[in-house]
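# An overview of the molecular structure
Each chain, written out:
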Amino acid sequence: MTATAHLDLHTHTTASDGIRSPRELIDAARADGLAALAITDHDCVDGLPEAVAYAQSIGFRLFPGIEFSIDYPTGSFHLLGFNVDFRDAELKVVLDDLSAKRSTRANRIVADLNEKGIDIDLDEVVAMAGGGTIGRPHVARVLIRRGYARDMADTFANFMVKGKPGYVKKDKIAFDDAIRHIYRTGGIPIIAHPISIGYADYTQFEGLLKDFISRGVKGLEAYAPLHQAHDVSALVRLAEKYNLVITGGSDYHGDKNERLGCYGTDRLIPAEILPALEEFLARA
Ligand code: AMP
Ligand code: FE
Ligand code: FE
Ligand code: ZN
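Here we summarise the structure given alongside this text. (Residues numbered from 1 in each chain as written. Chains lettered and ligands numbered in written order. Predicted model: local features only at pLDDT ≥ 70, side-chain atom pairs only at ≥ 80, totals over all residues. Heavy atoms only, no water.)

### Quick notes on the nonpolar core
Leu 37, Phe 68, Leu 79, Phe 205 and Phe 212 are the most contacted members of the largest nonpolar core, which has 74 residues in total. Per-element accounting of this core gives the leading share, 6 residues, to helix 9 (residues 229-241). Apart from residues no more than four positions distant in its own chain, Phe 68 is found in contact with Asp 43, Phe 77, His 78, Leu 79, Leu 91, Leu 95, Leu 98, Ile 173, Ala 178 and Ile 182. Counting residues in hydrophobic clusters, the runner-up holds 18 residues, among them Val 125, Ala 140, Phe 159 and Met 160. (Core = buried A, V, L, I, M, F, W, Y, C linked by side-chain atoms within 4.5 Å. Buried < 20%, exposed > 50% of the residue type's maximum accessible area, 1.4 Å probe, protein only. Helix = DSSP H or I, 4+ residues; strand = E, 2+ residues; numbered from the N terminus. Contact = heavy atoms within 4.5 Å.)

Right, here's the structure in full:
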């Protein structure tokens, strides 16, 4: 493997629900020989100032990004924004509002768990989030520590999902608003791990994709842990057909058996996608 064989364009830090700080994550990416890294915290850009400054100081290619959870008529999905301007004041207002809603939701999650006899408290969850925006993984880590679940997969099989204790729907940003903010701050919007949208086949997905493109989507995350080989090839083919940029990421959080630079445990995300992405961003 050469030093530039792989990269990772979808990762999370302690600013949202990852377990490594931006700096630790960049160090790990560099130690693993990654050609580039994108930090894409959930509804949050708070890790980016430190990340960008540190990456610049050591000459490492870092894309400042974000991952929005989106409300959409046929179900929610995730939208990545690459190269968003994290200094933008209007974006900060939007993200502060989403963060406040996440805190309210954490409160309701804990209240529902307590009602169902699970003994955890909000302060523990808030401490687990360490000042970052709160998500279900922080509650999950408390549940694991308290012995209510073995690991993350076990937690999400039994808690905080529809029909289970602690399920509370999340308030999300509307699709067109997210797209508008990504463009307004100089970024480009990309559909994250498309398979999580839940289409029956790629003919159906192509129909959705036409709507996404008409609203401004510019790329597809073809390389994602949940994608089988046939998903990757179908998504790459669609990206080529509609002139979209192809990205890939491990969705690294640090405690789910993910590996930086890999989609799944051992498939490298090819660094060959980098030149096209760079060109795309230069034109944006
Ligand atoms: P939230 O944004 O608060 O709804 O939390 C969503 C996050 O929970 C995702 O980004 C993952 O980090 C985590 N998550 C959701 N489902 C699972 C799962 N089945 N296994 C592990 N982590 C999960
Ligand atoms: Fe997450
Ligand atoms: Fe996601
Ligand atoms: Zn993610």
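From this point, the narrative continues.
### Thoughts on the coordination of the iron ion (ligand 3)
The iron ion (ligand 3) binds to the protein through Glu 67 (OE), His 78 (ND1) and His 193 (NE2); the donor distances cover 2.0 to 2.2 Å. Each donor residue of the iron ion (ligand 3) belongs to the same chain, and together they define the spacing E-x10-H-x114-H. Between the iron ion (ligand 3) and the zinc ion (ligand 4) the interatomic distance comes to 3.2 Å, and Glu 67 is a ligand of both metals. Of the two residues, His 78 sits in strand 3 (residues 77-82) while His 193 sits in the loop between strand 5 (188-191) and helix 8 (202-214), which places them 115 residues apart along the sequence. The exposure class of His 193 is buried, given its relative accessible area of 10%. (Donors = N, O, S within 2.8 Å, 3.2 Å for Na, K, Ca; no water.)

### Focus on the packing of aromatic side chains
One pass over the full model with this rule turns up 11 aromatic pairs. Ring geometry for Phe 175 versus Phe 212: centroids 5.5 Å apart, planes at 80°, classification edge-to-face. A residue pair is termed long-range when its members are at least 10 positions apart, and Phe 175 in helix 7 (residues 175-184) and Phe 212 in helix 8 qualify at 37 residues. Note on Phe 175: relative accessible area 2%, which makes it buried. Members of the aromatic cluster, joined through ring pairs, are Tyr 72, Phe 77, Phe 175 and Phe 212. When the ring centre of Phe 86 is taken as reference, the NZ or CZ atom of Arg 87 above it lies at 4.9 Å. Seen from the ring of Phe 280, Arg 283 lies directly overhead, with NZ or CZ sitting 5.3 Å from the centre. (Phe/Tyr/Trp six-rings, centres within 6.5 Å; stacked < 30°, edge-to-face > 60°. Lys NZ or Arg CZ within 6 Å of the ring centre and 35° of its normal.)

### What about the coordination of the iron ion (ligand 2)?
Around the iron ion (ligand 2), the protein contributes the donor atoms Asp 17 (OD), His 42 (NE2) and His 253 (NE2), at 2.1 to 2.2 Å from the metal centre. Counting gaps between the donor residues of the iron ion (ligand 2) yields the pattern D-x24-H-x210-H. Taken as a pair, the iron ion (ligand 2) and the zinc ion (ligand 4) lie 4.9 Å from each other. Separated by 211 residues along the polypeptide, His 42 in strand 1 (residues 37-42) and His 253 in the loop between strand 7 (245-248) and strand 8 (262-263) bring together distant segments of the chain. Classification of His 42 by relative accessible area gives buried; the value is 10%. A relative accessible area of 4% places His 253 in the buried class.

The analysis is restricted to geometry; functional conclusions fall outside its scope.
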